[in-house]
Amino acid sequence: MGPGDLAKALCGLPIKSYPEVLVGLEMPDDAGVYQLTPEIALVQTIDVITPVVDDPFAFGQVATANALSDVYAMGGKPVTAMSFVGFPSGKMEIESLRLIMEGALSKLDEAGCALVGGHSVKDDEIKFGLSVTGIIHPKKVLTKGGGQPGDKLILTKPLGTGILNTALKGGQLNEAGIGAVISQMIALNKTPAEIVDDLGAHAATDITGFGLIGHAAEMMTRNEVGFKLYWNQIPLMEGAERWAKAGLIPGGAYSNREYREDLLDPEFELDEWMLDVLFDPQTSGGLLIAAQEPVVEDMVSRIRAAGFPSAAIIGEVIADPKGRIIITE
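Quick caveat, the model's predicted, so the values are computed rather than measured.

### A short note on unusual backbone geometry
Geometrically, the link from Asp 320 to Pro 321 is a cis peptide bond, its omega value of -5 degrees lying close to zero. With respect to the helices and strands, the residue Pro 321 is situated in the loop between strand S12 (312-318) and strand S13 (325-328). The phi dihedral of Ser 284 falls on the positive side, at around 55 degrees, and the residue is not glycine.

Right, dumping it as structure tokens:
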């Protein structure tokens, strides 16, 4: 669902408060956090997607990496998962479902996360995802809203998966392009999250369906600060500019833009394709991290060395103007 419709659906719900809920619907984040003991809290999330690639094994990997990402964004360690699948039984070979599950298990094994159950329904369209539970120390929860003026903003993966997946569906990507977009989407945010935990950060989120601007806006508005983004430092996937200029834009980008474009204060004229990239809904995107300046260079260097070569400092947190995203060259 688009961010505007989702906000309307959740507005005014009678949410009861529980003292053990450290992060809940009163201030939604990437995952909910429930404290069990003085030293252990649960990090809980769910994510279900429709196929973005034709290969069922790869789709299982992508959906799993996407679901695990919310736990990593909160600073947690995924420990258990339950799967959800909608599958057109009788219309597709059941082997496709087996391959989806095999792909999912390969990523869960990489994460050290146990699959403990699941649920399935018969559906006209394939859907697959996971409910994931992680653990974290209650005092180490990393929320969206902790960014401080002077912090630098780090993005760990390049933008463009929504645009490239649209090109893929249109039969425009060659084998190399398909391989590149799949490789990015199946890359777990595990190691970057561990580096962030080691060096320390003030806030983080993962860039998924609301696009870079949508998720940046959530971080910014939580702490009454502003963001400045450096356009020329934002990493883009190979082909993202080309296909955006060709008009291969996913529908979600338009609803993202409609909801958040009024927050932008560009200091130069942004071409349409640039706006399309900034609002492009990502599948299993990277982490957006707000960290204090003394550690950011080391953080970026270590994340790049860990297999994320496009990681970059793309902006900074500013005190004023509050609630605005300035975009500079």
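### A word on helix H6 (residues 190-199)
Residues that lie three or four places apart on an α-helix share one face, since the helix turns once every 3.6 residues. Looking at H6, one finds that the buried residues are Pro 192, Ala 193, Ile 195 and Val 196. Down the axis, H6 shows its buried residues gathered within 160 degrees of arc, on one side only. The positive-phi residue at the C-terminal boundary of H6 is Gly 200, with phi of around 95 degrees.

### Observations regarding the packing of aromatic side chains
Enumeration over the complete set of coordinates arrives at one aromatic pair. Summarising the aromatic geometry, the rings of Trp 231 and Trp 273 are spaced 5.6 Å apart at their centres and angled 70 degrees between planes, so their arrangement reads as edge-to-face. Of this pair, Trp 231 sits in the loop between strand S9 (226-230) and helix H8 (240-245) while Trp 273 sits in helix H10 (residues 272-278), and the two are 42 residues apart along the sequence. The same class applies to Trp 231 and to Trp 273, which are both buried.

### Topic: the sheet that holds strand S6 (residues 127-136)
Taking strand neighbours across the sheet as the criterion, the six strands line up as S1-S2-S3-S6-S4-S5 in an open arrangement whose pairing is mixed. Looking at strand neighbours, the two that pair on one side only are strand S1 (21-23) and strand S5 (114-122), the edges of this open sheet. Strand after strand, the sheet turns through a mean of 25 degrees between neighbouring axes, direction not considered. Where S1 and strand S2 (residues 32-37) come together, two bridges link them in antiparallel fashion. When the sheet's bridge partners are listed, Val 23 is paired in S2 with Val 33. The sheet strands contacting helix H2 (residues 56-73) are strand S3 (40-49), strand S4 (77-87) and S6, and the helix crosses S3 at an angle near 145 degrees. Along the sheet face, helix H3 (residues 94-111) touches S4, S5 and S6 and points at about 170 degrees away from the line of S4.

### What about a nonpolar patch on the surface?
Residues Met 1, Leu 6, Leu 10, Leu 13, Ile 15 and Leu 25 make up a contiguous nonpolar surface patch of about 570 Å² in total accessible area. Summarising the element assignment, Met 1 is placed in the segment before helix H1 (3-10). Accessibility expressed as a relative area gives 74% for Met 1, which makes it exposed.

### Focus: the environment of Ile 154
Tracing the sequence through the fold places Ile 154 in strand S7 (residues 152-155). Once the C-alpha coordinates of Ile 154 and Ile 314 are considered, the two residues, 160 residues apart in sequence, prove to be 5.8 Å apart. Ignoring sequence-local partners within four residues, the contact set of Ile 154 consists of Leu 287, Leu 288, Ile 289, Val 296, Met 299, Val 300, Ala 312 and Ile 313.

### Description of the pairing of strand S8 (residues 203-206)
Residue alternation in S8 divides its side chains into two sets, Ala 203 and Thr 205 and Ala 204 and Asp 206, and both sets are buried. Across four bridges, the pairing between S8 and strand S11 (residues 287-291) is antiparallel. Directly across from Thr 205, in S11, lies its bridge partner Leu 288.

### Some words on the environment of Ala 240
Tracing the chain through its elements places Ala 240 in helix H8. Judged by relative accessible area, Ala 240 falls into the buried class, the value being 0%. C-alpha of Ala 240 to C-alpha of Thr 161: the two residues are 79 residues apart in sequence and 8.0 Å apart in space. With sequence-adjacent residues up to four places away left out, Ala 240 is seen in contact with Leu 159, Gly 160, Ile 163 and Leu 164.

### A look at the side chain of Thr 283
Mapping Thr 283 onto the fold places it in the loop between H10 and S11. The exposure class of Thr 283 is buried, given its relative accessible area of 14%. Those residues in contact with Thr 283 that sit more than four places away from it in its chain are Ile 49, Val 52, Val 62, Asn 66, Thr 161, Asn 165 and Met 185.

Definitions and limits used
- Residues numbered from 1 in each chain as written.
- Predicted model: local features only at pLDDT ≥ 70, side-chain atom pairs only at ≥ 80, totals over all residues.
- Heavy atoms only, no water.
- Helix = DSSP H or I, 4+ residues; strand = E, 2+ residues; numbered from the N terminus.
- Buried < 20%, exposed > 50% of the residue type's maximum accessible area, 1.4 Å probe, protein only.
- Arc of directions from axis to C-beta.
- Phe/Tyr/Trp six-rings, centres within 6.5 Å; stacked < 30°, edge-to-face > 60°.
- Pairing = 2+ DSSP bridges.
- Axes fitted to C-alpha atoms, helices over the stretch in contact; angles between N-to-C directions.
- Contact = heavy atoms within 4.5 Å.
- Patch = residues over 30% accessible without salt bridge, like charges linked within 9 Å, V, L, I, M, F, W, Y side chains within 5 Å.
- Areas by Shrake-Rupley, 256 points an atom, 1.4 Å probe, with all protein chains shown as cover.
- Salt bridge = Lys/Arg side-chain N within 4 Å of Asp/Glu carboxyl O.

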